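# What the coordinates show
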Amino acid sequence: MFSILNFSEPEEVLFYTLEITLVFYLIIHVAVISFFDFDKIAPFVFNKKDHENIGDYFIQELESRERVMDNLLVSLDHMNQQYEKFMKGSTDSNESYGQKAA
């Protein structure tokens, strides 16, 4: 009502209507926030201990999988070195064929 009475341009009417609406919207939010006790509500919405436990579990799982991957990479490197030795013909003659192939 205020914006219709005081302004003649339609853009000004729309702009000031939105501005006044935003101001009242923010005032209502401040009033509502002042009545809530977030220390009591927050544990129900976001349980920090549960999220920390889940995060710790995933970190442990990632570390164990990284160790497995590191072991696989080391074994692949070892196999590649043996293969290069075999292809160059520098393997010992007393090795079994199974060890030469691996």
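## Some remarks on the overall build of the chain
Per the secondary structure count, the chain includes five helices and zero strands. Going residue by residue from the N terminus, the α and β elements of the chain occur as α-α-α-α-α. Summing over all exposed atoms, the chain offers an accessible surface of approximately 9700 Å²; the carbon and sulfur share of this is 65%.

## With respect to the pattern of salt bridges
As enumerated under the stated definition, the model contains two salt bridges in all. For Glu 61, the salt bridge goes to Arg 65, with nearest N and O atoms at 3.9 Å. Of this pair, Glu 61 and Arg 65 both sit in helix α4 (residues 48–88), four residues apart, roughly one helical turn. On the basis of relative accessibility, which here comes to 27%, the residue Glu 61 falls in the partly exposed class. On the basis of relative accessibility, which here comes to 57%, the residue Arg 65 falls in the exposed class.

## Points about α4
Taking 1.5 Å of rise per residue, the 41 residues of α4 would be expected to cover 60 Å, and the 59 Å separating its terminal C-alpha atoms lies within 8% of that figure. At the exit of α4 stands Gly 89, carrying a positive phi of roughly 80 degrees.

## Here's the deal with the packing of aromatic side chains
What characterises a pair of aromatic rings is the spacing of the ring centres plus the angle enclosed by the ring planes. Tallying each qualifying case throughout the model produces two aromatic pairs. A centroid spacing of 5.6 Å and a plane angle of 55 degrees characterise the contact between Tyr 57 and Phe 58, whose relative ring orientation is tilted.

## As for the confidence of the model for the chain
Across the chain, pLDDT averages 81, with 75% of residues at or above 70. Averaged pLDDT values for the elements of the chain fall to 53 in helix α5 (residues 97–101) and rise to 93 in α4.

## Comments concerning a nonpolar patch on the surface
Together, Phe 15, Tyr 16, Ile 20, Val 23, Phe 24 and Ile 27 make up a nonpolar patch on the protein surface, roughly 560 Å² of accessible area in all. Within the element layout of this structure, Ile 20 appears in helix α2 (residues 10–35). Judged by its relative accessible area of 31%, Ile 20 is partly exposed.

Here is what the cut-offs are and how they apply
- Residues numbered from 1 in each chain as written.
- Predicted model: local features only at pLDDT ≥ 70, side-chain atom pairs only at ≥ 80, totals over all residues.
- Heavy atoms only, no water.
- Helix = DSSP H or I, 4+ residues; strand = E, 2+ residues; numbered from the N terminus.
- Areas by Shrake-Rupley, 256 points an atom, 1.4 Å probe, with all protein chains shown as cover.
- Salt bridge = Lys/Arg side-chain N within 4 Å of Asp/Glu carboxyl O.
- Buried < 20%, exposed > 50% of the residue type's maximum accessible area, 1.4 Å probe, protein only.
- Expected span 1.5 Å × (residues − 1).
- Phe/Tyr/Trp six-rings, centres within 6.5 Å; stacked < 30°, edge-to-face > 60°.
- pLDDT = per-residue confidence, 0-100.
- Patch = residues over 30% accessible without salt bridge, like charges linked within 9 Å, V, L, I, M, F, W, Y side chains within 5 Å.

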